[in-house]
Amino acid sequence: MRRLIGIFIFLGVLTFGCNSFAQDPSGAATLAANPQSPVDYVWVLVCGFLVFFMQAGFAMVEAGFCRAKNATNLMAKNTIDFTIASLVFFAFGFALMMGTDYKGFIGISGWFLHGENYDVGKYLMFFWQLVFAGTAATIVSGAVAERLKFKAYFLYSIAVTALIYPLYGHWVWGGGWLSKLSFGVGHVDFAGSGVVHTIGGFVGLAGALVLGPRFGKFAKDGKPKAIPGHSITLAALGTFILWFGWFGFNPGSTFSAHQLRIAVIAVNTNLAAAAGAAVAILLVFLKTKKWDVGMMLNGCLAGLVAITAPCAWVEAWAAVAIGAIAGLLVVLGVYFWESRGIDDPVGAVSVHGINGVWGLLSVGIFADGTYGLGSTGEPFVRGLLYGGGIGQLVAQIIGAAVCVAWAFGLGFICFKFMDKFLGVRVSPEEELKGLDIQEHGTPAYPNFYTYNS
Amino acid sequence: MRRLIGIFIFLGVLTFGCNSFAQDPSGAATLAANPQSPVDYVWVLVCGFLVFFMQAGFAMVEAGFCRAKNATNLMAKNTIDFTIASLVFFAFGFALMMGTDYKGFIGISGWFLHGENYDVGKYLMFFWQLVFAGTAATIVSGAVAERLKFKAYFLYSIAVTALIYPLYGHWVWGGGWLSKLSFGVGHVDFAGSGVVHTIGGFVGLAGALVLGPRFGKFAKDGKPKAIPGHSITLAALGTFILWFGWFGFNPGSTFSAHQLRIAVIAVNTNLAAAAGAAVAILLVFLKTKKWDVGMMLNGCLAGLVAITAPCAWVEAWAAVAIGAIAGLLVVLGVYFWESRGIDDPVGAVSVHGINGVWGLLSVGIFADGTYGLGSTGEPFVRGLLYGGGIGQLVAQIIGAAVCVAWAFGLGFICFKFMDKFLGVRVSPEEELKGLDIQEHGTPAYPNFYTYNS
Amino acid sequence: MRRLIGIFIFLGVLTFGCNSFAQDPSGAATLAANPQSPVDYVWVLVCGFLVFFMQAGFAMVEAGFCRAKNATNLMAKNTIDFTIASLVFFAFGFALMMGTDYKGFIGISGWFLHGENYDVGKYLMFFWQLVFAGTAATIVSGAVAERLKFKAYFLYSIAVTALIYPLYGHWVWGGGWLSKLSFGVGHVDFAGSGVVHTIGGFVGLAGALVLGPRFGKFAKDGKPKAIPGHSITLAALGTFILWFGWFGFNPGSTFSAHQLRIAVIAVNTNLAAAAGAAVAILLVFLKTKKWDVGMMLNGCLAGLVAITAPCAWVEAWAAVAIGAIAGLLVVLGVYFWESRGIDDPVGAVSVHGINGVWGLLSVGIFADGTYGLGSTGEPFVRGLLYGGGIGQLVAQIIGAAVCVAWAFGLGFICFKFMDKFLGVRVSPEEELKGLDIQEHGTPAYPNFYTYNS
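Residues numbered from 1 in each chain as written. Chains lettered and ligands numbered in written order. Predicted model: local features only at pLDDT ≥ 70, side-chain atom pairs only at ≥ 80, totals over all residues. Heavy atoms only, no water.

Let us look at the overall build of chain A. Of regular secondary structure, chain A possesses 15 helices and 2 strands. Taking 22 Å as the expected radius of gyration for a compact globule of 453 residues, we find that chain A reaches 21 Å, a close match to that expectation. With respect to the principal axes defined by its C-alpha atoms, chain A has extents near 65 × 45 × 40 Å. The buried share among the 453 residues of chain A stands at 72%. (Helix = DSSP H or I, 4+ residues; strand = E, 2+ residues; numbered from the N terminus. Rg over C-alpha atoms; globule rule 2.2 N^0.38 Å. Buried < 20%, exposed > 50% of the residue type's maximum accessible area, 1.4 Å probe, protein only.)

Here you go:
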């Protein structure tokens, strides 16, 4: 809520600084009203570009962790989701999420960025919110990889960016009811452990459940078998791109360069990634005596997901602790879902879903009370370990529970509904041959001799 | 012209603010004269870095869309063109393009950034113009891929960055005659649909024509056959990198962060890319019932090329329309050139050439009159749909026609000339074996079993 | 030293501007004391993100230049080194390097960023110094590729980021004795040709020496044989990423956007890269009549390494000269080490070690006296060709000699020590099969038929 208010005040100054309720498409009035705004625009845009680039990271990670025979399909899905997100969020999603609040539940203005939304400040906020919506959308493709029809993914992408994501987003970042909980300072989620990652992860879980596991993932006795991905180099490249993009995702979420706390956020983001990677690779080494690269990469991403909510409100040592626990959770998560017969080819549910929840909770534990949104004079966020009592943690638990229920529930309805009316899973023949030929007419690597594991 | 004047005024302030005609190599005098300039320097540099990174995007797209046996060659070409651009544009190109104007035709100062050009403002502008010149140069490698000698590409790179690009660039961005047309506000091209992409695309067409098609591209009856590229993952990665880099290309072309319109430009850039991708994949699906990833990627790039000229002067809905039409044009373009027996392995002519022209024209249609370069008090750009009459469209048509004629004409002369004196096409044996062994001594993937399609 | 003093003054203003010795975790006091600081924070952070992204570049270059059977191992090493750097530099390295100076030899404050280091200015500096430490660490993995045990690399990473790098770094950038030499303005190294690249390169040489060459690298008569890497496309992609990241590395080392000299630094960085690439490919072509892509990429990197120390103090033409000589040196270097029986799979010693030294020396030759750190009123750096006499060159030679001796000496001790107690080289069987299976349990490309060259 605090963050939201801060953003509103900031946008208010930008948009309405010159004369009330006038749009400013050229930016001249906004600049005149706030001559210091260029550095904020530069900061938000450059960070937004980095967040956009995470699309490439997800594409490479998912392709790398899946088989060569489905690589074209994964490229198609990772491109179409952001394409659809761009158009649908422009038409509906942004209005539902960030438009004028209606009863704490939904936004109701800003459709097609029309009318008074033709304004530099509004466009800036749209750009920022869009790249986040696109991130939530693309998380799911990993969990449903190697068996979901492209057409179903196309429709799913519309559902998530027009409805599932923006409504929950409104409740936390759009002035909705979760941000106004009377525990702590209300439910808070600095850069979206919940809004982006838990949403993406649990919609992905719903998809994986509805689809069922890939052929060959489980032996007849139910024992999971490893299906190795086709390129560890691409998976590592993708992880580095995501890590890089996260430096936009988290520090940029101040929405202002005048919050010098951005330096702390960058450090925390990095430390959590490193701690997650280190713990994950060491844990698996203790068990298997192999240095498991895939798990290290997922540990790194888990740390990044977890630090996303608390990044602005904790100290460096806490970031290490949060990341380390994330590294543990992702390892346990991967084993847990597998033991339940759920097939999540890239570990998206454990990385984004579970650690999104952990990130939300960690705010209620580690927030140290040194920062709110400084400029707005709001009360600072303070957790259990820093004398904040149980209040913030309760707010975080409520938000996390709502997030999981909403994402999983609507995701499940969405995939079940599609399954009933057009089928979500490709035919067994197609799955065995790979989705690339039948769905796209193009194998990803026609000059190489490949075989299917 | 307006843009140019704005840049000149800006540079004038930077360079001459302290005392007239003094160079300022340390930047101290420039900073003293304009204490707000650091944010502009940061903006231009960071956006310039992103534009540079598009080199990697072009390399990956071209490699991905071509065969494994020519991948080393494509890496060589995509590296050498920027290498040569850097050195040649430093020596000659920058002076011809942005130097003191001589009769509206050519620039005549700034060779080797020598003398009074040892100045932070001049270096900044050089860096910006260089990364654009390098982009124009690298577009061509796709159209002439898989059959052009490396030596010829080496020489071509000199020609384009020393002559073809800088002269046309001078006419539009260097104060030359096109920018001073008495239609509309003169011919305008915000970020280079014409200067960069049409130039690159039509020099590429000339190269493809002089070279002739690859073996196996056309059946004996002239029917085109698909020659699939060797890595859809690399092609998608390259497209994401280009999309990312375009956020530098277009918004950075304000050359100032004090133009808050940068937020609008970023949104427009993204929407056009998405609309282009969506239209292209849907169109091909209607025809073939396959979700064609290659065409979606090219549709995305086509949208980006088209929005490059109008990005600063149109509203979001218009960006969607411009991108959607670009998605249509690129599909038609690919079929058109193929039907004429022209072999453009990666679709560079359709993506950059045709959509560069479309981008120029779209300014004359959709420019909505809300923006010029606000800071300079110039008249704003206004097209047909917003009461601007036919004037701006005429200026755009003239510029586009000159651009196509200049690029194709000089490109044709250049390739023909090289063909006469040293031959531009590799031997049939080499083409069949792939260019990597003979030209470079190194196959790209020596640890993999590959075969040539 | 000058740079250091500048940074200290800058940090001093930031940190202590409001009230002496108070930490400022929210950044509000720092902003109040210096309202212009946001643009500096944005600049340093964005450039730092780019430097971080170089990790992906190193990973791709090294994987591309090595064989498919070791690609997983290279991804593991390139991830773990930055992971360890993050945690170890946070715990110890940063304090040793940038903490309060003790007798010119070592820093002694700032452990775990604790206490008064919980401050936006300190966190900013930590982030910057960390991404540099991580770069130094990752350089070594190339020189020791395809035969070093993962466990040894794990331990080496701790040694280099906890001790070898921070101590030498303290001597140059932390107020230590080298920065206070009474020749010239003391030993200077603008962005780390010595601190980062010479250190990394010569620790790598020590590792390569202790390990010995890979099987098959040298014939029985000692004649070197080429062992081609498995993906020229990844190597080229990695080089573009590094080139891109270097635009953060060098210009960002002003640590302030108010130094408009950043424009000159960006131009110089790019010209040196281009000159190095051009000279390297032309030299090898003259000798072999092949356009050697690998050498062009290394020539490009060599130019970047060499310009890193002098980038802020020279003019554009000098950057071309420095880069061109780097291109020559890297070709000679590769042949030289091979002729001595030393196996450096990716040329890391020649690229980073030799050209790091050349970069340090070039300051003493080409620095033109137009820039120091302008804001601090320090004497400007001036070399031999610009009337600076022999003083600066002597300071540079001393620093380079110390750097080589320190890096090689401690690196040698470190690898020898590890070899004695746990062995550094994998078994001959494992080396022949590739490190991926035995160490990591995962081949990098399980869907492709590969063979080992």
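Looking now at the interface of chain C and chain A. Contacts between the two partners involve 62 residues from chain C and, on the opposite side, 60 residues from chain A. A buried area of about 5,200 Å², summed over both sides, lies between chain C and chain A, and 78% of it is on carbon and sulfur atoms. The largest share of the area that chain C buries against chain A comes from Tyr118, Asn447 and Phe448 of chain C, three residues that together contribute 14% of it. The tally of links from chain C across to chain A stands at 0 salt bridges. At the boundary of chain C with chain A, the tally comes to 15 residue pairs in polar contact (both at pLDDT 80 or more). The biggest single contributor to the side of chain C that touches chain A is helix α3 (residues 37–65) of chain C, with 16 residues. Across the side of chain C that touches chain A, the residue classes break down as 44 nonpolar, 17 polar and 1 charged. (Contact = heavy atoms within 4.5 Å. Buried area = accessible area lost by both parts, 1.4 Å probe. Salt bridge = Lys/Arg side-chain N within 4 Å of Asp/Glu carboxyl O. Polar contact = N/O pair within 3.5 Å; in protein donor to acceptor, adjacent residues only side chain to side chain. Nonpolar A, V, L, I, M, F, W, Y, C, P; charged D, E, K, R; others polar.)

Axis separation between helix α3 (residues 37–65) of chain B and α3 of chain C bottoms out at 10 Å; the angle between their running directions is 15 degrees. Taken together, the axes of α3 of chain B and α3 of chain C are roughly parallel relative to one another. The chirality of how α3 of chain B crosses α3 of chain C is left-handed. Contacts between α3 of chain B and α3 of chain C involve Pro38, Val39, Val42, Leu45, Val46, Phe49 and Phe53 of chain B from the first element and Val39, Trp43, Val46, Leu50 and Phe53 of chain C from the second. (Axes fitted to C-alpha atoms, helices over the stretch in contact; angles between N-to-C directions. Parallel < 35°, antiparallel > 145°, perpendicular 65-115°, else oblique. Left-handed = near helix turned anticlockwise from the far one by under 90°.)

The subject of this paragraph is unusual backbone geometry. The backbone of Lys103 of chain B sits at a positive phi, close to 55 degrees, despite the residue not being glycine. For Lys103 of chain B, the location among the structural elements is in the loop between β1 (101–102) and β2 (106–107).

Turning next to the packing of aromatic side chains. Under the definition given, this model contains 135 aromatic pairs over all chains. Summarising the aromatic geometry, the rings of Trp243 of chain A and Phe52 of chain C are spaced 4.9 Å apart at their centres and angled 45 degrees between planes, so their arrangement reads as tilted. Here Phe52 of chain C lies in helix α3 and Trp243 of chain A lies in helix α8 (residues 232–249), a pairing that spans two chains. The class for Phe52 of chain C is buried, based on a relative accessible area of 1%. An angle of 50 degrees between the planes, with centres 4.6 Å apart, marks the rings of Tyr451 of chain A and Tyr449 of chain C as tilted. You can see Tyr451 of chain A sitting in the segment after α15 (435–440) and its partner Tyr449 of chain C sitting in the segment after α15 (435–440), one on each of two chains. Given a relative accessible area of 34%, Tyr451 of chain A falls into the partly exposed group. Look at Tyr449 of chain C and you get partly exposed, because its relative accessible area is 42%. Feature note: the residues Phe49, Phe52, Phe82 and Phe127 of chain A together with Phe240, Trp243 and Phe247 of chain B constitute an aromatic cluster, connected by ring pairs. For Lys287 of chain B, the ring lying beneath its charged end belongs to Tyr335 of chain B, and the centroid distance is 4.1 Å. The positively charged end of Arg425 of chain C is found above the aromatic ring belonging to Phe215 of chain C, 5.5 Å away from the centroid. (Phe/Tyr/Trp six-rings, centres within 6.5 Å; stacked < 30°, edge-to-face > 60°. Lys NZ or Arg CZ within 6 Å of the ring centre and 35° of its normal.)

Moving on, we come to the interface of chain B and chain A. With 59 residues of chain B in contact, the opposing surface of chain A contributes 62 residues. The junction of chain B with chain A conceals about 5,200 Å² of combined surface from both sides, 78% of it contributed by carbon and sulfur atoms. The largest share of the area that chain B buries against chain A comes from Phe240, Leu260 and Trp291 of chain B, three residues that together contribute 15% of it. At the junction of chain B with chain A, the criterion picks out 0 salt bridges. Viewed at the interface, chain A and chain B are joined by 15 residue pairs in polar contact (both at pLDDT 80 or more).

A separate point is the relation of the copies chain B and chain A. Superposing chain B onto chain A requires a rotation of 120 degrees together with a translation of 0.0 Å along the rotation axis, leaving an RMSD of 0.0 Å. Taken together, these values place the two copies in the relation of a three-fold axis. Comparing interface residues between copies, only 19% of those in chain B also sit at the interface in chain A, which points to a heterologous contact through distinct surfaces. (Least-squares fit on C-alpha atoms with pLDDT ≥ 70 in both.)

We now examine helix α7 (residues 193–211) of chain A. Relative to the 27 Å expected for 19 residues at 1.5 Å per residue, α7 of chain A spans 25 Å between its end C-alpha atoms, a close match to the ideal helical length. Positive backbone phi, at 80 degrees, marks Gly212 of chain A, one or two positions downstream of α7 of chain A. (Expected span 1.5 Å × (residues − 1).)

Moving on to the pattern of salt bridges. According to the stated counting rule, one finds 15 salt bridges over all chains in the structure shown. The partner of Glu146 of chain A in a salt bridge is Arg67 of chain A, and the shortest N-O contact between them spans 3.0 Å. Highlighted residues: Glu146 of chain A in the loop between α5 (120–143) and α6 (150–173) and Arg67 of chain A in the loop between α3 (37–65) and α4 (71–98), separated in sequence by 79 residues. For the pair formed by Glu146 of chain A and Arg67 of chain A, the shared burial category is buried. Here Glu431 of chain B and Arg425 of chain B are joined by a salt bridge, their closest N and O atoms 2.8 Å apart. Using a relative accessible area of 23% as the deciding quantity, one classes Arg425 of chain B as partly exposed. Sharing partners across several salt bridges, the network here consists of Arg67, Glu146, Arg214 and Asp343 of chain A.

With that settled, consider the packing of α3 of chain B against helix α8 (residues 232–249) of chain C. Packing of α3 of chain B against α8 of chain C brings their axes to within 9 Å, and their N-to-C directions diverge by 175 degrees. Considered as vectors, α3 of chain B and α8 of chain C are oriented roughly antiparallel to each other. Here Phe49, Leu50, Phe52, Phe53, Gln55, Ala56, Ala59, Met60 and Ala63 of chain B of α3 of chain B come into contact with α8 of chain C, specifically with Thr233, Leu237, Phe240, Ile241, Trp243, Phe244 and Phe247 of chain C. A per-class count over the contact of α3 of chain B with α8 of chain C returns 14 nonpolar, 2 polar and no charged.

Further remarks concern the relation of the copies chain C and chain A. Comparison of the two chain copies shows a relationship of rotation about an axis with a shift along it. The operation relating chain C to chain A is a screw motion whose rotation component is 120 degrees, with 0.0 Å of axial translation and a residual RMSD of 0.0 Å. The residues that chain C uses at the interface reappear at the interface of chain A in only 19% of cases, marking distinct surfaces.

Residue and element names in this part refer to chain B. Mapped onto the elements of the fold, Thr308 is located in helix α10 (residues 293–308). Here Thr308 falls in the buried class, since its relative accessible area comes to 0%. Polar side-chain contacts of Thr308 include one of 2.9 Å to the side chain of Trp246. Those residues in contact with Thr308 that sit more than four places away from it in its chain are Phe190, Ala191, Gly192, Ser193, His197, Trp246, Phe249 and Asn250.

Relative to the helices and strands, Pro38 of chain A is located in helix α3. By relative accessible area, Pro38 of chain A is classed as buried at 2%. For the pair formed by Pro38 of chain A and Ala257 of chain A, sequence separation is 219 residues and the distance between their alpha carbons is 9.6 Å. Discounting residues that sit within four places of it in the chain, Pro38 of chain A has contacts with Leu31 of chain A together with Val39, Ala257, His258 and Leu260 of chain B.

Residue and element names in this part refer to chain B. Tracing the chain through its elements places Gln396 in helix α13 (residues 391–421). A polar contact of 2.8 Å, which involves the side chain of Gln396, links it to the backbone oxygen of Leu360. If near-sequence neighbours (up to four positions away) are discounted, Gln396 is found in contact with Gly186, His187, Val188, Leu360, Leu361, Val363 and Gly364.

Residues and elements named next belong to chain A. Counted at 1.5 Å a residue, the expected span for α5 with its 24 residues is 34 Å, and the 37 Å between its end C-alpha atoms agrees. By the criterion of burial, α5 is predominantly enclosed, with 23 of the 24 residues buried. With a side-chain oxygen lying 2.8 Å from the backbone nitrogen of Gly121, the N-terminal cap of α5 falls on Asp119.

This part covers the confidence of the model for chain A. Put simply, chain A has an average pLDDT of 93, and 93% of its residues get 70 or more. Contacts for the low-pLDDT stretch residues 8–21 of chain A, under 50 throughout, to residues beyond four places or in other chains number 22 contacts. (pLDDT = per-residue confidence, 0-100.)

Another point: the state of the cysteines. Disulfides are covalent bonds that connect the sulfur atoms of two cysteines. Residues and elements named next belong to chain C. In the structure shown here, the tally under the stated rule is 0 disulfides over all chains. Free of any disulfide, Cys300 has its nearest cysteine sulfur in Cys311, 15 Å distant. Using a relative accessible area of 0% as the deciding quantity, one classes Cys300 as buried. (Disulfide = S-S within 2.5 Å.)

On to the environment of Ala400 of chain A. Residue and element names in this part refer to chain A. Locating Ala400 in the fold gives a position in helix α13 (residues 391–421). With a relative accessible area of 3%, Ala400 lands in the buried category. Considered as a pair, Ala400 and His187 are 213 residues apart in the sequence and their alpha carbons are 9.0 Å apart. Ignoring anything within four residues of it in the chain, the contact list for Ala400 reads His187, Val357, Leu360 and Leu361.

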